[in-house]
4 protein chains.
Amino acid sequence: MEKKTLLTDCPDAMGLISKITNICYKHQLNIIHNREFVDNTYNRFFMRTELEGYFNDKTFLLDLDHALPTGSRRHLIGPERKRVVIMVTKEAHCLGDILVKVLDGTLNIDIAAIVGNYDDLSDLSEKFGVPYHFVSHDGLTREEHEEALLAVIEPYQPHYVVLAKYMRILSPSFVSKFPNKIINIHHSFLPAFIGAKPYQQAYERGVKIIGATAHFVTNDLDEGPIITQNVIPVDHNFNAADMAKAGRDVEKSVLSKALGLVTDDKVFVYANRTVVL
Amino acid sequence: MEKKTLLTDCPDAMGLISKITNICYKHQLNIIHNREFVDNTYNRFFMRTELEGYFNDKTFLLDLDHALPTGSRRHLIGPERKRVVIMVTKEAHCLGDILVKVLDGTLNIDIAAIVGNYDDLSDLSEKFGVPYHFVSHDGLTREEHEEALLAVIEPYQPHYVVLAKYMRILSPSFVSKFPNKIINIHHSFLPAFIGAKPYQQAYERGVKIIGATAHFVTNDLDEGPIITQNVIPVDHNFNAADMAKAGRDVEKSVLSKALGLVTDDKVFVYANRTVVL
Amino acid sequence: MEKKTLLTDCPDAMGLISKITNICYKHQLNIIHNREFVDNTYNRFFMRTELEGYFNDKTFLLDLDHALPTGSRRHLIGPERKRVVIMVTKEAHCLGDILVKVLDGTLNIDIAAIVGNYDDLSDLSEKFGVPYHFVSHDGLTREEHEEALLAVIEPYQPHYVVLAKYMRILSPSFVSKFPNKIINIHHSFLPAFIGAKPYQQAYERGVKIIGATAHFVTNDLDEGPIITQNVIPVDHNFNAADMAKAGRDVEKSVLSKALGLVTDDKVFVYANRTVVL
Amino acid sequence: MEKKTLLTDCPDAMGLISKITNICYKHQLNIIHNREFVDNTYNRFFMRTELEGYFNDKTFLLDLDHALPTGSRRHLIGPERKRVVIMVTKEAHCLGDILVKVLDGTLNIDIAAIVGNYDDLSDLSEKFGVPYHFVSHDGLTREEHEEALLAVIEPYQPHYVVLAKYMRILSPSFVSKFPNKIINIHHSFLPAFIGAKPYQQAYERGVKIIGATAHFVTNDLDEGPIITQNVIPVDHNFNAADMAKAGRDVEKSVLSKALGLVTDDKVFVYANRTVVL
């Protein structure tokens, strides 16, 4: 017996749950877990179905394609661990959290490689036996640097690229290589404090709560679909540096949570929003 | 077109979602919203289905009964507002919150009456035009007092009885009149600080977080199925009275939230636990 | 014996705590509670001191003025309840929460009057015996409407004006009458979603957390000093209307908390920020 | 110029702040940060003062001793990093979090050694270059095992011993060697679910929130002074194993936060409670 996850999203219509679960039933696939959602604004149906049984992928998907309306997307995903490349700059907390969570089984992923534009974190990577590629941007144009990054990353054929406090902006050209496959942690409660130095901005505005946002990267800076967010309280005692230090725990837990949701195939992207089932 | 909610819970089996949604489809009932859950510990299936269409309740339920396994429970519930009796003692915050939320449409219930063992809140009740029954326990045995309470409450035939900081313990005999129909707010994060004076207990233990718990009342004090809980941070600056004052907001929001979930037919009770769909 | 609160803020210097507490000691005033804060960015000292004893305000303040550096502000505030005028539009939850909290002693203020640009909440106000002034903006210019509002509000000589979901923008001219005396609740986690329809904006951005912000009103829309903020989680199930409904509890608790902090003389304003001691 | 922290706690009396800050002023010590608290229940005064200047510890403390009432405790603590021994069993998340936080400067401590009753975490310890001592309890009485532990730990002369998911109960004899020096993380929101398998207990009770508690270890199991606590929401989808997995992030952040507070000399212990200044 195998376990697979079926992700379906399509224009909403009467009887969709019935049709899809009938096909599962016909194929003698047991539904372990099922969640669905209808977005009434966009009139779109989303369903995530964890199945167990003996799969004939081809006939199962053919049956689905006959049953589903035009404009449907469906993916049947096996239980293989996702391959992830992590990009970093200098800060250790997000990378460290992911490394420990892979070690202790909290995250079921394989870290193929870590790529940094500084060398600061090569030591931490080596502690965990993960190859570290130091790709300095020094003296390079953005274009040249991104070419160098791609030359290192693409051979790993990652399912996802994680920006674990990678502090440079990626060009649309780079992003287009990994559509909805790049996960970033932004150290603010988006859409507050878009752009550089969000903790400094937060301090200057005198906010009483700070946060972190994990999102897919699109061409628009900090505007991609949000996967998850969390916040912590602050007060007048916190200057920008104190906020940055206090924010580390929330940044890392938000990024790791988003990475878990995405690599467990729980996240749909539609209309620049995520549906997490 | 009408809207109704179908609640189904039964022993888990393959094809249940398919069977139930097929019957909805056959009856031309549109599924507006569907949520299901399988409790693998108890091998039990729960599903909540919001339906829209022209209902023939009798044939629809007959079809369901044929399809569902032995040990199933199913309820088809119309959109009528629930009738609620609120029991109070002296504190105004939970009662006040419910009254304002009914007024502004946050809670879709009818408050049939308010019953207090003190007269302190009759004034507030009258402000909102709700009948107030002052049923003093003074000079009565518990048995006599509860008889007097029942004599006042039962004629209203309430769907639910809400203990909005009603500070006396109800006997098993009273509770048995309203099985899974009495909702209590306990001013602690249960199961911490069961029983009397939870804020005093919390202060003495030196906790850094306090909370509130809304639960169905069963025969065992503070041991009934938990509907919802929430917490707020405290520190050494809070003595027991400060905690009590700070706790009011969380008490009232937890109770109102639970009341909304229950009267919106979102709460299943099974094995002394709630499944909220 | 009387209780008073001394608020001091001044340029930071060595020995300030010593100097101020020496003067209290000299006057035989017992310090019940003391909190201080030094803002190292602005090099400014803030101290809030709750005192008990027999006060000779004049000589006490003279002693302080001799001891404190140039640029100091100090206020000695008695325990009198603050007079508050509340401005509303149509939504009941914030007003209702304040009314109940005054009733049960959570807020130690006197509500002098409620002023609305619609008549919807006159009924609720009358329930609580508070005068309601319906000042329609219909057919008036902003200038004329604000004159009419002031004609109603100013005779009450309020210590604070509370905008409890008052949905019109106030002009700089109006705001200048009540410097750091107008408290607003904005239904977003500022500075996210400044301006109109923040829940609609939040829905469109696909955020996973929504919030509310209580702040003093200045001439810049939604840019005044933040007093307190709080948030609640949301997900893809929430459309803009669901967010608005879910946000009511956090809006009201944030506004009431801010109102309590301000009227308990715990809030300093400096450099468009608040220090809450 | 040096920086030191003065911790004072003593029976409350009029003029204490004045007396202490006068002595600082006399010694030309600049107060960088000052916090005080009076516990009115126990009539006790607590003050934490960060000082900067040229210290003559002996005369400064003598001046203090003359000024403070009988029953006072005062400590003048230099900026040296605290030496910590960490005890573990099999779970990596708390240990991993501390190791990464020491690496990136979030925690200003030195980890002298890690001691485990299993060998599972020796590999992780070695990655970070910290000596790991495997002290199996296999075949030993509790007394013998604790003697073996002490033989390993005591030569390090640790300021604090951290139980980072060390899953065996320590005897009063062991605990007495490190009074208010052993910090434990308990994986529940104490005092709920004292003892073994708190997540199993939480699951069985059907709670909607789970938590973690960092506390000093005393002779009474899980009854020592609480340093900090935090919680996360759960629902019917979580079985005991899911709760345990979800709880890891809150356990580690609570333990690390407590360790930071304690080693930054911010925590007073009095009457089985903590005052955190």
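- Identification of chain A as Formyltetrahydrofolate deformylase from Photobacterium aquae is taken from an unreviewed UniProt entry.
- Its UniProt record gives chain A the following Pathway (unreviewed entry) comment, quoted word for word: "Purine metabolism; IMP biosynthesis via de novo pathway; formate from 10-formyl-5,6,7,8-tetrahydrofolate: step 1/1."
- Per UniProt, the comment on chain A under Sequence similarities (unreviewed entry) is "Belongs to the PurU family."

## Focus on the overall build of chain A
Alright, step 1. Each helix and strand counted, chain A has 8 helices and 13 strands in total.
Alright, step 2. The C-alpha atoms of chain A give a radius of gyration of 21 Å, which matches the 19 Å a tight globule of 277 residues would have.
Alright, step 3. With respect to the principal axes defined by its C-alpha atoms, chain A has extents near 60 × 40 × 35 Å.
Alright, step 4. Put simply, chain A has 277 residues, and 57% of those count as buried.
Alright, step 5. The long-range share in chain A, meaning contacts at least 24 apart out of those at least 6 apart in sequence, stands at 66%.
Alright, step 6. With the model as given, the accessible surface of chain A reaches about 11,000 Å², and the carbon-plus-sulfur share is 49%.
Alright, step 7. Each charge class in chain A was averaged separately, 30 positive and 35 negative side chains, and the resulting centres sit 4 Å apart.

## Quick look at the relation of the copies chain C and chain D
Alright, step 1. Least-squares fitting of chain C to chain D yields an RMSD of 0.0 Å, with the transformation described by 0.0 Å of translation along the axis and a rotation of 180 degrees. Here the copies are linked by what is in effect a two-fold axis. Looking at the rotation axis and the C-alpha trace of chain C, the residue lying nearest is serine 18 of chain C, at 2.6 Å.

## Brief notes about the nonpolar core
Alright, step 1. With 74 residues, the main nonpolar core has Ile86, Ile98 and Ile114 of chain A together with Ile86, Ile98, Ile111 and Ile114 of chain D as its most contacted residues.
Alright, step 2. Setting aside chain neighbours within four positions, we find isoleucine 114 of chain A in contact with Ile86, Val88, Leu95, Leu99, Ser125, Val130, Pro131, Tyr132 and His133 of chain A.
Alright, step 3. The next biggest cluster of nonpolar side chains, apart from the first, holds 73 residues, and it includes Ile185, Val254 and Leu261 of chain B together with Ile227 of chain C.

## Observations regarding the interface of chain C and chain D
Interface size is commonly expressed as the accessible surface area that is lost when the partners come together.
Alright, step 1. Taken together, the contact between chain C and chain D spans 15 residues of the former and 15 residues of the latter.
Alright, step 2. When the two sides are added together, the surface that chain C and chain D hide from each other amounts to roughly 1,500 Å², 56% of it contributed by carbon and sulfur.
Alright, step 3. At the boundary of chain C with chain D, the tally comes to 0 salt bridges.
Alright, step 4. The tally of links between chain C and chain D comes to 5 residue pairs in polar contact (both at pLDDT 80 or more).
Alright, step 5. Breaking the side of chain C that touches chain D down by element, the ones donating at least two residues are helix H1 (16-26) and strand S2 (30-39) of chain C.
Alright, step 6. Top element by residues in the side of chain C that touches chain D is H1 of chain C. It accounts for 6 residues.

## Details of the sheet that holds strand S11 (residues 226-233) of chain C
Residue and element names in this part refer to chain C.
Alright, step 1. Strand order across the open sheet formed by 7 strands is S7-S6-S5-S8-S9-S10-S11, with mixed pairing between neighbours. Sheet topology places strand S7 (132-134) and S11 at the edges, where each strand pairs with a single neighbour. In this sheet, neighbouring strand axes are inclined to one another by 20 degrees on average, regardless of whether the strands run parallel or antiparallel.
Alright, step 2. Bridging between strand S5 (residues 82-88) and strand S6 (residues 109-116) involves 7 bridges; their strand directions are parallel. Residue pairing for S6: lysine 82 is matched across the bridge by isoleucine 109.
Alright, step 3. Running over the sheet, helix H3 (residues 93-103) touches S5, S6, strand S8 (160-163) and strand S9 (182-186) and is turned about 155 degrees from S6.

## Some remarks on the domain arrangement of chain A
Residues and elements named next belong to chain A.
Alright, step 1. By domain assignment, chain A separates into domain 1 (2-77) and domain 2 (82-276).
Alright, step 2. Summarising the inter-unit geometry, the C-alpha centres of domain 1 and domain 2 are found 32 Å apart.
Alright, step 3. At the interface, 13 residues of domain 1 touch 10 residues of domain 2.
Alright, step 4. Buried area between domain 1 and domain 2, both sides added, is near 980 Å², and the carbon and sulfur share of it is 69%.
Alright, step 5. If you sort the residues of domain 1 by the area they bury against domain 2, Tyr42, Phe46 and Arg48 come out on top, with a joint share of 45%.

## Some words on the interface of chain C and chain A
Alright, step 1. Contacts between chain C and chain A engage 33 residues on the former and 33 residues on the latter.
Alright, step 2. With both chains or domains summed, chain C and chain A bury close to 2,800 Å², and 56% of this area falls on carbon and sulfur atoms.
Alright, step 3. For the pair chain C and chain A, the number of links is 2 salt bridges.
Alright, step 4. Residue glutamate 223 of chain C is joined to arginine 205 of chain A by a salt bridge in which the shortest nitrogen-to-oxygen separation is 3.6 Å.
Alright, step 5. Joining chain C to chain A, the criterion identifies 17 residue pairs in polar contact (both at pLDDT 80 or more).

## Describing the pattern of salt bridges
Residues and elements named next belong to chain A.
Alright, step 1. All chains considered together, the criterion is met by 68 salt bridges over all chains.
Alright, step 2. For arginine 44, the salt bridge goes to aspartate 9, with nearest N and O atoms at 2.8 Å. Of this pair, arginine 44 sits in strand S3 (residues 44-53) while aspartate 9 sits in strand S1 (residues 2-11), and the two are 35 residues apart along the sequence. Both residues of the pair, arginine 44 and aspartate 9, belong to the buried class.
Alright, step 3. The closest approach of N and O atoms between aspartate 97 and lysine 101, which form a salt bridge, is 2.9 Å. Pair noted here: aspartate 97 and lysine 101 are both in helix H3 (residues 93-103), with a separation of 4 residues, about one helical turn.

## What about the relation of the copies chain C and chain A?
Alright, step 1. Superposing chain C onto chain A requires a rotation of 180 degrees together with a translation of 0.0 Å along the rotation axis, leaving an RMSD of 0.0 Å.
Alright, step 2. Comparing contact sets, 100% of the residues at the interface of chain C also lie at the interface in chain A, consistent with an isologous, same-surface contact.

## Notes on the pairing of strand S13 (residues 273-276) of chain B
All names here are of chain B.
Alright, step 1. Alternating positions in S13 separate into two faces, Arg273 and Val275 on one and Thr274 and Val276 on the other, with burial throughout.
Alright, step 2. As paired elements, strand S12 (residues 267-270) and S13 share 4 bridges and run antiparallel to each other. Bridging across to S13, valine 267 finds its partner in valine 276.

## Details of the sheet that holds strand S11 (residues 226-233) of chain B
In sheet architecture, strand pairing relies on hydrogen bonds along the backbone and comes in two forms, parallel and antiparallel.
Residue and element names in this part refer to chain B.
Alright, step 1. Pairing is mixed across the open sheet formed by 7 strands, whose spatial order is S7-S6-S5-S8-S9-S10-S11. A single partner strand is all that each edge strand has here, and the edge strands are strand S7 (132-134) and S11. Averaged over all pairs of adjacent strands, the angle between their axes in this sheet comes to 20 degrees, without regard to strand direction.
Alright, step 2. Examined bridge by bridge, strand S9 (residues 182-186) and strand S10 (residues 209-216) share 4 bridges and lie antiparallel to one another. Its bridge partner being in S10, asparagine 184 is matched across the sheet by histidine 215.

So, how was this worked out
Positions within a chain are numbered from 1, following the residues in the order the chain's sequence is written. Written order determines the labels here, with chains lettered from A and ligands numbered from 1. The predicted nature of this model means local features are confined to residues of pLDDT at least 70 and side-chain atom pairs, given and counted, to a pLDDT of 80 or more, with totals for whole chains, interfaces and linings taken over all residues. Calculated side-chain values reflect all of the structure's heavy atoms, with hydrogen atoms and water omitted. UniProt positions are given in the numbering used here, feature names are shortened, and annotations may be inferred rather than shown by experiment. For the purposes of this entry, the term helix denotes a DSSP run of H or I that reaches at least four residues, the term strand denotes a run of E that reaches at least two, and both are numbered from the N terminus. The atom set for the radius of gyration is the C-alpha atoms, and the globule formula is 2.2 Å times the number of residues raised to the power 0.38. Relative accessibility decides the category of a residue: with a 1.4 Å probe and only protein chains considered, values under 20% of the type maximum give buried, values over 50% give exposed, and everything between is partly exposed. The criterion used for residue contact is that any of the two residues' heavy atoms lie within 4.5 Å. Using a 1.4 Å probe, accessible areas were evaluated by the Shrake-Rupley method; residue-level cover was limited to the displayed protein chains. Residues counted as positive are Lys and Arg, residues counted as negative are Asp and Glu, and His and the chain ends are not counted. Where a charge sits is defined by one atom per residue type, namely NZ (Lys), CZ (Arg), CG (Asp) or CD (Glu). A residue counts toward the fit only if its pLDDT is at least 70 in both copies, and the copies are then superposed by least squares on the C-alpha atoms of those residues. Buried residues of nine kinds, namely Ala, Val, Leu, Ile, Met, Phe, Trp, Tyr and Cys, make up a nonpolar core once their side-chain atoms join them within 4.5 Å. When two components associate, each loses some accessible surface as probed by a 1.4 Å sphere; the sum of these losses over both components is called the buried area. Basic side-chain nitrogens of Lys or Arg form a salt bridge, by our definition, when they fall within 4 Å of a carboxyl oxygen of Asp or Glu. Polar contacts, as counted here, are pairs of nitrogen or oxygen atoms within 3.5 Å of one another; within protein the pair requires one atom able to donate a hydrogen and one able to accept it, and residues that are adjacent in sequence qualify only if both atoms are side-chain atoms. In this analysis, strands are considered paired if DSSP registers two or more bridges between them. Comment: axis = line fitted to C-alpha atoms, over the contacting stretch for helices; angle = value between 0 and 180 degrees taken between N-to-C directions. Those domain boundaries reflect an automatic or database domain assignment.

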